[in-house]
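Summary of structural features
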Amino acid sequence: MVCEVSLTTLLPHLAAVQVEEVVAGEGLLRITARTCGGPVVCPDCGVASRHEHSRYVRHLDDCQVGGRPVVVDLSVRRWYCGNLRCPRATFVEQVEGLTVRYQRRTPQLQQLMEAVALALGGRAGARLAARLHQAVSWVTLLNLVMRLPDPPAAVPTVLGVDDFALRRGQVYGTVLVDCVTRRPVDLLPDREGASLAGWLAGHPGVEVICRDRAEAYGEGATAGAPQAVQVADRWHLWHNLVQAAERCVRRHQGCCKEPGPDGPVDAVPTPAEQISLAGQVRPPKEPEGRYADRTRAQYAAVHQLREQGYGIRASARRLGITPRRVRVLLRAATWQELVVDRWQGRRNRLDPFKEYLHQRWAEGQTNLVQLHSEIQAQGYPGSYNSLCAYFRRFRQVKGRSPARAAPPGIREITGWITRHPDTLDDGEKRQLKAILARCPELQALSGHVHTFARMLADLSAHQLPDWLTDVRQDELPDLHSFARGIEHDMDAVTAGLSLPWSSGVVEGHINRIKMLKRQMFNRARFPLLRKRVLLA
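Residues numbered from 1 in each chain as written. Predicted model: local features only at pLDDT ≥ 70, side-chain atom pairs only at ≥ 80, totals over all residues. Heavy atoms only, no water.

**What about the nonpolar core?**
Stated precisely, the cut-off is as follows: Put simply, buried Ala, Val, Leu, Ile, Met, Phe, Trp, Tyr and Cys residues joined by side-chain atoms within 4.5 Å make one nonpolar core. Only protein chains enter the accessibility calculation, which uses a 1.4 Å probe; a residue is then buried when its area is under 20% of its type maximum, exposed when over 50%, and partly exposed in between. Helix and strand assignments come from DSSP, with helices taken as H or I runs of at least 4 residues and strands as E runs of at least 2, each series counted from the N terminus. Residue contacts are counted whenever heavy atoms from the two residues lie within 4.5 Å of one another.
Counting residues in each nonpolar core, the largest one holds 36 residues, and the members touching the most others are Leu445, Phe452, Leu464, Trp467, Leu479, Phe482 and Ile486. Of all the elements in the fold, those that place two or more residues in this core are helix H7 (234–251), helix H16 (410–418), helix H17 (426–438), helix H18 (440–458), helix H19 (464–472), helix H20 (477–488) and helix H21 (490–496). Among residues more than four places away in sequence, those in contact with phenylalanine 482 are Arg213, Leu237, Asn240, Leu241, Ala244, Phe452 and Trp467. If you look at the next biggest cluster of nonpolar residues, it comprises 34 residues, including Ala126, Leu142, Leu187 and Val506.

Structure representation (structure tokens):
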């Protein structure tokens, strides 16, 4: 039965092989076979030979069967070449689907190891191969990847171009992607325009080039494929607009602060207001610290033992605490009151004088030396440092206004302007409306951003000239700079606002490249990274 299953699995189409024996040993399945039949054709000249020279045994590793590694001991023949003009005197026969010249693995196992190496790399692939009963080193797996041929070079009609980091901030490369098939085409070792132009010149036939707004890629595409239509990616257009909007908001950040109703924005609270604000500096919170954690655990354990029927002394022995401590824990309604009473139950020397100190502080007396002398005359036994520690909270709120919240940040306001209005809640809409009412420039900026967003969503490039004209009429220098960049790259931006192509598929492959780099611990050089990107 083992013999039938093994032969059906391994040798279904090999008419030139005669199986002699199948031995299922401990942890190994060994198949002994020999080639038969003839004549055999010379691989160089193609002349059939009928003269056998000798035989020898090849040991071939094959894919596992039933959790056991398989070894095929195949006896093959060496033949004389009958063609006198052939430079090869003898040759060894090869069995299709089972043997490959100079290889000790069957083609099926070889393809499996190549797939493992492409998917996982060297070390991780070697660990998986060991689980598949194949002892192979990580160097061998990487050599398998490097020996694989490149995929067939097909020139894409729609090419996506973008850069990726080999060493972030120092070395960058370029990835080329077929936007129709969504497969990578090639990787370039830099992001220079000359490299892209050389690749395009060597692969004529590209009709559309999707790129970001980098000047180098624009020049390289123009030089290498002048007939191709260049498409500026819409995400990069929107990203550049958001950056310009943030600079505009930063320029007018003074309009974002709402003045208070009773005075200027930077009004300092009175000493009486400082007393009320001082209680907000340290809001009450859950007790913390080692004592609080220990009390919480003991309280839960004591009450659990009481529910199980344990007495006070038995509970004390099991928990390693005193019976008195057990009684305290059982009498307390919550564990928090034990911790709070421990710290807040202590009487402070300053407590009898606090009412007098608050009254003097509200009257405007903020000289602590004078206050210390006054309460010493009333019998205060403490030190001057204790008085300073208590009034430190009052000085912390000296610059705070009790009736004014912090204004929204620059990025927060930029997000309100650049997001879809339906995604804002009522509070954000109310704050944005108040800010735009105080600043006409930001009101104009909001209108331009929403108009450009509709152009991106509707692919209405015919509105772009009117939008540029409207932008020039407002005093928004940062938005003018963005408009000049669009005018410099007008053809590509117009194509980006009218054609359905974008660089989204390229960004996906950049994320995949980052994953492969992390998988190889960012140590792989460019040739190996290129192989894995193109073949995996």
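Next comes the rest of the account.
**Considerations on the pattern of salt bridges**
Rules: Salt bridges are identified by distance alone: a Lys or Arg side-chain nitrogen within 4 Å of an Asp or Glu carboxyl oxygen.
All told, the structure shown has 19 salt bridges when counted by the stated rule. One salt bridge connects aspartate 44 with arginine 88, and the closest N-O pair in it is separated by 2.9 Å. With aspartate 44 in the loop between strand E3 (40–41) and strand E4 (48–49) and arginine 88 in the loop between strand E6 (68–80) and strand E7 (90–92), this pair connects stretches of sequence that are 44 residues apart. Taking the shortest distance from any N to any O, the salt bridge between arginine 247 and aspartate 478 comes out at 3.6 Å.

**Quick word on the packing of H17 against H18**
Convention followed: In this analysis, axes come from line fits to C-alpha atoms, helices being fitted only over the stretch in contact, and the angle between any two N-to-C directions falls in the range 0 to 180 degrees. Angle categories: roughly parallel below 35 degrees, roughly antiparallel above 145, roughly perpendicular from 65 to 115, and oblique for all the rest. In this classification, Asp, Glu, Lys and Arg are treated as charged, Ala, Val, Leu, Ile, Met, Phe, Trp, Tyr, Cys and Pro as nonpolar, and every other residue, Gly included, as polar.
Running from amino to carboxyl end, H17 crosses H18 at an angle of 120 degrees, the nearest separation of the two axes being 5 Å. As the angle between them shows, H17 and H18 are arranged oblique. Contacts between H17 and H18 involve Ile435, Leu436 and Arg438 from the former and Pro440, Leu442, Gln443 and Ser446 from the latter. Its residues assigned to classes, the contact of H17 with H18 comprises 4 nonpolar, 2 polar and 1 charged.

**Some details on the environment of glutamine 243**
Within the secondary structure layout, glutamine 243 lies in helix H7. By relative accessible area, which is 35% here, glutamine 243 ends up partly exposed. Sequence separation of glutamine 243 and threonine 414 is 171 residues, and the distance between their C-alpha atoms is 9.0 Å.

So far we have only geometry, and geometry alone does not tell us how the molecule works.
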